Amino acid sequence: MATDGTVRPSLAGAEVVSASLARHRFRPLEGLVWLAMLAGYWLWPEYRPLGSQIFIMCLFVLSLDIVVGYAGIVTLGHAAFFGVGAYTAGLTAIHLSNEPFLGLLTAAVAAGLVGILSGLIVLRTTGLTLMMLTLAIVFVLHEAANKLGSVTGGSDGLQGVTVAPILGLWSLDFFGQTAYIYTGAVLFLGWLFARILVGSPFGRSIVGIRENLVRMRAIGSPVRLRLLVVYGISATMAGIAGALLTQTTQFVSLSAITFTRSGEALIMLILGGVGRLYGAFVGAPIYMLMQDALAKYNPVFWTFWIGLMLVLTVMFARNGVLGLVDSVLAWRRRAA
Amino acid sequence: MTASASLPPLLETQGLSKSFGALVVADSIDLTLRPGARHALIGPNGAGKTTFVNLVTGTLQPTAGRILMGGEEVTGLSPEARVRKGVGRTFQINSLFNRLSVLENVAIAVSERDGFAGRIFRARKAERRAFEEAYAILEGIGIGMEALRPVAEIAYGRQRLVEIAIALALKPKVLLLDEPAAGIPSAESHVVLDVVEALPPDIAVLIIEHDMALVFRLASRITVLVQGAILVEGTPQEIAHDPKVKEVYLGEKSH
Amino acid sequence: MDQILSALVSILFHGLAYGMILYVISVGLSVTMGLMGFANLAHGVFAMAGGYITVTLMNGFGIHFFLALVTACIVVALASVVLERLLYSRLYTASELDQVLFTIGIIFMASAAARYAWGPLPQRMILPESLSGQVDLGFRTFPTYRTFLIVVSGVIIAALWLGIERTRFGAQLRAAVDNRRMAEAIGINTRRLFTATFAVGSGLAALGGGLGADILAIEPAYALEYLVYFLIVVSVGGLGTVKGPFVAAVLLGVTDTTCKYLIPEFGAFFIFLAMIGLLLWRPTGLFGRA
């Protein structure tokens, strides 16, 4: 891309068009990320259980990146959908069937519906009001889950969730072998979908809404509808992440549906980098590995370091770790 | 070119009024644009020119009066619906998608117009066509070479042209240009002028402009707006020799 | 019948005390959000700090309640100036998301520090003799501490409103909230105004935290726990107004107390539903400008 300010001879139209179309084509580096995640299975077998939990959060943060990073909706309530997914998957397993894919499906549908219904309320507003409404929805759902003890187990959590072997072949074991591959595969599909969404006309139009709402209205875009659709899609993904948590831990706790979980996901997102799809894959592992290490080392004080890291990120590395990598690369290119 | 009086009007406002409390910003404005019209709306600062544009596009709701497009009333329609009826506009201050490339800025409008902007899958062909059309529009106004650059990085004057390109991508029947040359040094304003002169001949253009040289070169009819109301409407010659207009403009020029 | 009336008076009384404390804590947040557009979720940290300082000075050093309160207020206000100049001011132009995350970071650090220094349990405030027991207001008796809260908060609020209506600082503040660019154009130093406002708001929060330590328990999770309440007050009251949050806070205090009394199981549920309804009806709050 000509960014050096000089006027270049006009590229032929065809070249410009193919260059623009190629912007969202897959790059080899992306495959590398997935190979690394696959290699992790053999390289650090003792980390497989943590690995599957990281994958789940990656998927959740990825869904959050779509609303916050791409559509520019600053929500504090994304855990609502994660929680709805988690409980739906648990209840499906207990009352209907413990077939894992059915659990994912019911969770996705329930979370998507809650997403669209709450989106109808929330997306009428912006700024502080929107934040408050999203927050309120998490609290309402949390209270509902807490008070409907006979259904959800209340504050004791939903127990007795079982999961049938995946595809009838592999059961979820204590060492997390199956869970690692299962969650990794679902994350891969989620990423693939997010990747396509972001590169599609729809993806560009939600970025357009983020960048310039007034102009989007002026070119006749049905802004409210687009936001509702993207909110519903993202809620569905978050619900699937919640379902995976239920299936891999065979338990649902009230903590699935708290402001704290929304906050954690936002932190992971900004640590990795907002609005770049890979932020989730960097931020979630960093946060969770830090949490794992720091909590062992100092269980009382570890949130202090997380807080400090957050403050420093916002002050000095607004685009997260990936933004830093970009800057270093750009700097080296200039130096070369 | 003169607008043919025999063709039905593309845009018509009847007694269009808007007030905020006691403040009247549009006072019973009647204006008619026929196919091929090159109509200028001039007037001192605060005369209500941009308000008029906002009323026509639906950003503001009028307190009284009607807006018709092709004889059909659109007064109650949303801004989006009016765009689909054929109203395109540019903004007085650049209003672009700063983090997208010049080409994407235009393609986003093409895809909205063609109705595939909400698509996630199977959009590749439509997308290619949108990019091709967007590029053709950029070529047509002489900024094809900027297509791949982020729009925030190109010169301000060229950003003004992207404003017009986005509006053109909607294939409007009525194009409202809100001070297209604002912010460009007058030595360079001819670039915008050339683009406006080369607009498709069948669309109706309403141009709001301060630069009198520009107005007299482009417009075949001029409406002078003062304090939200029409002072006078006529051909450039009539306006140039109108004593009331002179008074308003001399008053304006002197401070 | 008498019993119902008595319960009603009692609920109103407790709700009023609670609401006024919420207001004293939250009013600074409303002004900073309205004036600077800064989403400071960490506002509760100042109230928490005020609470810890007050309780520590009283329990640890035997300093009198009033003196401890004043000290907490001054210390927190000064500390907030340092924070504002050093950190907050750099983020005034940042995105909402950055502000939210930055202030969540501050909450994390503050609550970890509090847990480290004071442990995880809520601090018990031993009220001075003069504030414990009941006071007879003629027609019936009320708990002295809560009566005291209402009176002191009332005095603070009156002083605050007079300050905003009558002083030069208040006039500048109103002008800046109304139209910041215009205020700058007529020579008001908005930077200094921001800092001063921030300090006053934080000092008030500290005062509220200390005063209300018996209602809103001082514990490490304080800033996060009560954040929602502060935010409700601000968003329902309307950003940038001083009187709106008062109405919202008293409404919230009374409603919350009523719910806890009548339907303890579903109290929070009802409050949030009410808030959702209210914000849908008036997205800018009861007294906010569109």
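About the criteria used
- Residues numbered from 1 in each chain as written.
- Chains lettered and ligands numbered in written order.
- Predicted model: local features only at pLDDT ≥ 70, side-chain atom pairs only at ≥ 80, totals over all residues.
- Heavy atoms only, no water.
- Helix = DSSP H or I, 4+ residues; strand = E, 2+ residues; numbered from the N terminus.
- Rg over C-alpha atoms; globule rule 2.2 N^0.38 Å.
- Buried < 20%, exposed > 50% of the residue type's maximum accessible area, 1.4 Å probe, protein only.
- Contact = heavy atoms within 4.5 Å.
- Buried area = accessible area lost by both parts, 1.4 Å probe.
- Salt bridge = Lys/Arg side-chain N within 4 Å of Asp/Glu carboxyl O.
- Polar contact = N/O pair within 3.5 Å; in protein donor to acceptor, adjacent residues only side chain to side chain.
- Core = buried A, V, L, I, M, F, W, Y, C linked by side-chain atoms within 4.5 Å.
- Axes fitted to C-alpha atoms, helices over the stretch in contact; angles between N-to-C directions.
- Parallel < 35°, antiparallel > 145°, perpendicular 65-115°, else oblique.
- 1 Å grid on protein atoms, 1.4 Å probe; cavity = no way out; pocket = protein on both sides within 12 Å on 5 of 7 lines; lining within 4 Å.
- Points joined across faces, edges and corners; volume = space filled by probe spheres on them.
- Nonpolar A, V, L, I, M, F, W, Y, C, P; charged D, E, K, R; others polar.
- Pairing = 2+ DSSP bridges.

A. View of the overall build of chain B. Helix and strand counts for chain B stand at nine helices and ten strands. Taken against the 2.2 N^0.38 rule, which gives 18 Å for 255 residues, the C-alpha radius of gyration of chain B at 18 Å falls within 12% of a compact globule. Dimensions of chain B along its principal axes, counting C-alpha atoms only, are 60 × 40 × 40 Å. Each of the 255 residues in chain B was classed as buried or not, and the buried ones make up 56%.

B. Main features of the interface of chain A and chain C. Of the residues lining the interface, 39 residues belong to chain A; the matching set on chain C comes to 42 residues. On the chain A side of the interface with chain C, the three residues burying the most area are A:Leu128, A:Met132 and A:Met315, jointly 16% of the side's total. Here C:Asp98 and A:Arg318 are joined by a salt bridge, their closest N and O atoms 3.8 Å apart. The tally of links from chain A across to chain C stands at one residue pair in polar contact (both at pLDDT 80 or more). Elements that contribute at least two residues to the side of chain A that touches chain C include exactly helix H6 (127–147), helix H12 (259–272) and helix H14 (302–316) of chain A.

C. Layout of the interface of chain A and chain B. Tallying the contact residues gives 42 residues for chain A and 41 residues for chain B. Carbon and sulfur atoms make up 61% of the area that chain A and chain B hide from each other, which totals about 3700 Å². For the pair chain A and chain B, the interface holds five salt bridges. For A:Arg23, the salt bridge is made with B:Glu104, and the minimal N-O distance between the two is 2.9 Å. Secondary-structure elements contributing two or more residues to the side of chain A that touches chain B are helix H1 (13–22), helix H8 (177–199), helix H9 (201–211), helix H10 (213–218) and helix H11 (223–249) of chain A. Looking at the side of chain A that touches chain B element by element, the count peaks at eight residues for H9(A).

D. Highlighting the side chain of C:Thr103. All names here are of chain C. Turning to its location among the elements, Thr103 is positioned in helix H4 (residues 96–118). Exposure remark for Thr103: the relative accessible area of 0% places this residue in the buried category. A distance of 3.0 Å separates a polar side-chain atom of Thr103 from the backbone oxygen of Val100. The residues contacting Thr103, other than those within four sequence positions of it, are Phe38, Ala39, Asn40, Leu41, Ala42 and Tyr88.

E. Spotlight on the arrangement of the chains. Between chains A and B lies the most contact-rich interface of the two pairs of chains that touch. One finds no contact linking chain B with chain C; the least C-alpha distance across the pair is 14 Å.

F. A look at the environment of C:Phe169. Residue and element names in this part refer to chain C. Along the polypeptide, Phe169 turns up in helix H6 (residues 168–178). Once the C-alpha coordinates of Phe169 and Val55 are considered, the two residues, 114 residues apart in sequence, prove to be 32 Å apart. Ignoring sequence-local partners within four residues, the contact set of Phe169 consists of Leu193, Ala196 and Thr197.

G. Representation of the nonpolar core within the structure. Counting 270 residues, the largest nonpolar core has A:Phe281, A:Tyr287, C:Leu22, C:Phe102, C:Tyr222, C:Leu231 and C:Ile232 as the members making the most contacts within it. The contacts of A:Tyr287, once residues within four sequence positions are left out, are A:Glu264, A:Ile267, A:Met268, A:Leu271, A:Trp302, A:Ile306 and C:Phe108. Counting residues in hydrophobic clusters, the runner-up holds 24 residues, among them B:Ile29, B:Leu31, B:Ala204 and B:Leu206.

H. Here's a closer look at the packing of H8(A) against H9(A). Residue and element names in this part refer to chain A. Across the interface, H8 lies against H9 with an axial gap of 4 Å and an inter-helix angle of 65 degrees. Classified by the interaxial angle, the pair formed by H8 and H9 is roughly perpendicular. On H9, the residues that touch Leu197, Val198 and Gly199 of H8 are Pro201, Phe202, Gly203 and Arg204.

I. A look at the layout of surface pockets. By volume, the second largest pocket is sized at about 800 Å³. Lining the second largest pocket are 32 residues, and of these A:Phe139, A:Thr260, C:Ala221, C:Leu224 and C:Glu225 sit closest to its centre. In terms of residue count, the dominant contributor to the lining of the second largest pocket is H6(A) (five residues). The class makeup of the residues in the lining of the second largest pocket is 17 nonpolar, seven polar and eight charged.

J. Looking closely at the pattern of salt bridges. Residue and element names in this part refer to chain C. Using the criterion set out here, one finds 25 salt bridges over all chains in the structure. Where Arg180 meets Glu184, a salt bridge forms, and the shortest distance between an N and an O atom there is 3.6 Å. Taken together, the residues Arg180 and Glu184, both in helix H7 (residues 180–185) and four residues apart, mark about one turn of the helix. When its relative accessible area of 36% is taken as the criterion, Glu184 is described as partly exposed.

K. Spotlight on the sheet that holds strand E9 (residues 221–226) of chain B. Residues and elements named next belong to chain B. Strands sit in the order E6-E7-E8-E3-E9-E10 across an open sheet of six strands; the sheet is mixed. Each edge of the open sheet is held by one strand with a lone partner, namely strand E6 (87–89) and strand E10 (229–234). Taken pair by pair, the neighbouring strands of this sheet meet at an average axis angle of 20 degrees, ignoring direction. Where E6 meets strand E7 (residues 174–178), three bridges bridge the pair, whose relative direction is parallel. In the strand pairing of E7, Arg89 is matched with Leu176. Each of strand E3 (38–42), E6, E7, strand E8 (204–208) and E9 touches helix H1 (residues 49–57); the most contacted strand, E6, lies at about 145 degrees to it.

L. Focus on the sheet that holds strand E2 (residues 23–33) of chain B. Residue and element names in this part refer to chain B. Spatially, the four strands line up as an open sheet ordered E2-E1-E4-E5, and their pairing is antiparallel. In this open sheet, the two strands that pair with only one neighbour each are E2 and strand E5 (72–73). One ladder, built from seven bridges, connects strand E1 (residues 11–20) with E2; its direction is antiparallel. Bridge pairing links Lys18 to Ala26 in E2.

M. Geometry of the environment of A:Leu133. Mapped onto the elements of the fold, A:Leu133 is located in helix H6. In this structure A:Leu133 comes out as buried when scored by relative accessible area, which is 0%. Each residue touching A:Leu133, except ones within four places of it in the same chain, is listed here: A:Ile121, A:Val122, A:Thr125, C:Ile276 and C:Leu279.

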